Amino acid sequence: MPRLTSAQALTPMTYAMGWIPNVEYAGFWVALENGYFAEEGIEGLFTPGGPNAPGVLVRLAAGQAEIAGGDWMPLLEARARGNDFIVLGGAFPKSPAAIMSMAANPVLKPEDLIGKRILSQMPADANTINFILENAGLDGDYELVQTGFSPEPLLAGDGDAYLAFATNQPITFENMGLVEGKDFHVTLMADLGYDIPAGPFVASRKFVEENRDLVVRYLRALARGWIENGKDPAIAASLVTSKYGADFGLEQSQQVRQSELGQQLVTADDAPGPFWFDPNLVDTTVAAIAKASGIETPPLASEIVDLGPLEEALASL
């Protein structure tokens, strides 16, 4: 594994984040703080996201970043506008997209969705539920009920289930003294048949072709950061609350728990390491959701996914 000597200059690489500096990016902070990027000859930089920040793909297209933490539908729409972006891996190969339900009326399998009032923040979530039911060969009705970011309306009985992130809203219930598996359930969408890697790492094809070794080194440093975070998820939480995200009023215990939950999703089952996912999911689940969203001819995995640099990076760990 090549390492930097003190006489060498660092090559800057900027990561466009979709949200504020928190433990969603735990491995990045650990890699930065532990010098893993510097050991690879890289200056690890980042541009934070948030409600008022330009989109990650806008920053990528404008040359303000080399790597962006994107989402599939905006990525496909950006490609349709002529941007030759490709995917190098997934921040969370096991997507945190989940559905929460109370123990008295659980949603544990696709059949359980039929007849439910499902609390949702976005009307487009209907595409996900429809996919799950159709994929399971089920025909039945449900009701999508508009709600906010908190899962408390589920507890109040305003709905039978709540579309959540497994790394976030369950913590609200835990802080109220409720116990997962006893008082409430968190079922990953992947376990219901909606298997789609979240947070694809996006870069321009031209940049990757011209800087392949740099990309390999970057992914290796980032993977090391996440592997190290798994040893003590509290370290990244301390880094964001006291340093990188200190201006955002993040709560330490919440960030520790989010770091623990997120760590479980960074490496898929039977994968060689962090960020690895099955490209066939792009031609199945991603394509189906894209078509439901109005993208008639989504690109094939062979056109937009290149896991070669990640494969090389993981093989050298």
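This report concerns the structure included in the present document. These figures come from a predicted structure and were not determined experimentally. (Residues numbered from 1 in each chain as written. Predicted model: local features only at pLDDT ≥ 70, side-chain atom pairs only at ≥ 80, totals over all residues. Heavy atoms only, no water.)

With that settled, consider the overall build of the protein. Helices and strands together make up the secondary structure of the protein, namely 14 helices and ten strands. A globule of 317 residues ought to have a C-alpha radius of gyration of about 20 Å, and the protein, at 20 Å, matches this closely. Counting only C-alpha atoms, the protein reaches 65 × 45 × 40 Å along its principal axes. Per-residue burial for the protein yields a buried fraction of 52% across its 317 residues. Of all intrachain contacts in the protein linking residues separated by at least 6 positions in sequence, the fraction that spans at least 24 positions is 77%. Of the accessible surface of the protein, which amounts to about 13900 Å², a share of 50% is contributed by carbon and sulfur atoms. Between the centroid of the 19 positive side chains of the protein and the centroid of its 41 negative side chains there is a distance of 5 Å. (Helix = DSSP H or I, 4+ residues; strand = E, 2+ residues; numbered from the N terminus. Rg over C-alpha atoms; globule rule 2.2 N^0.38 Å. Buried < 20%, exposed > 50% of the residue type's maximum accessible area, 1.4 Å probe, protein only. Contact = heavy atoms within 4.5 Å. Areas by Shrake-Rupley, 256 points an atom, 1.4 Å probe, with all protein chains shown as cover. Lys, Arg positive; Asp, Glu negative; His and termini not counted. Charge placed at Lys NZ, Arg CZ, Asp CG, Glu CD.)

Now for the nonpolar core. Counting residues in each nonpolar core, the largest one holds 97 residues, and the members touching the most others are Phe28, Leu57, Trp72, Ile99 and Tyr218. Excluding its chain neighbours within four sequence positions, the residues that come into contact with tyrosine 218 are Met13, Tyr15, Phe28, Phe37, Ile42 and Ile67. (Core = buried A, V, L, I, M, F, W, Y, C linked by side-chain atoms within 4.5 Å.)

So, on to helix 12 (residues 280–292). In an α-helix, one full turn covers 3.6 residues, which means residues spaced three or four apart are oriented alike. If you check helix 12, its first and last C-alpha atoms are 18 Å apart, about what 13 residues at 1.5 Å a residue would give, namely 18 Å. Taken residue by residue, helix 12 has Leu281, Val282, Thr285, Val286, Ala287, Ile289 and Ala290 as its buried positions. On its buried face, helix 12 is in contact with helix 4 (72–80), helix 5 (125–135) and helix 13 (301–304). (Expected span 1.5 Å × (residues − 1).)

This structure, assessed with the given rule, holds 13 salt bridges. In this structure, arginine 217 engages aspartate 213 in a salt bridge whose closest nitrogen and oxygen atoms are separated by 2.9 Å. Of the two residues, arginine 217 and aspartate 213 are both situated in helix 9 (residues 212–229); the distance of four residues between them amounts to about one turn of the helix. Here arginine 257 and glutamate 260 are joined by a salt bridge, their closest N and O atoms 3.1 Å apart. You can see arginine 257 and its partner glutamate 260 sitting in helix 11 (residues 252–263), three residues apart, about one turn around the helix. Among the residues examined, arginine 257 registers a relative accessible area of 24% and is labelled partly exposed. Of the residues examined, glutamate 260 reaches a relative accessible area of 32% and is grouped as partly exposed. One network of salt bridges, in which partners are shared, links Arg79, Asp84 and Arg205. (Salt bridge = Lys/Arg side-chain N within 4 Å of Asp/Glu carboxyl O.)

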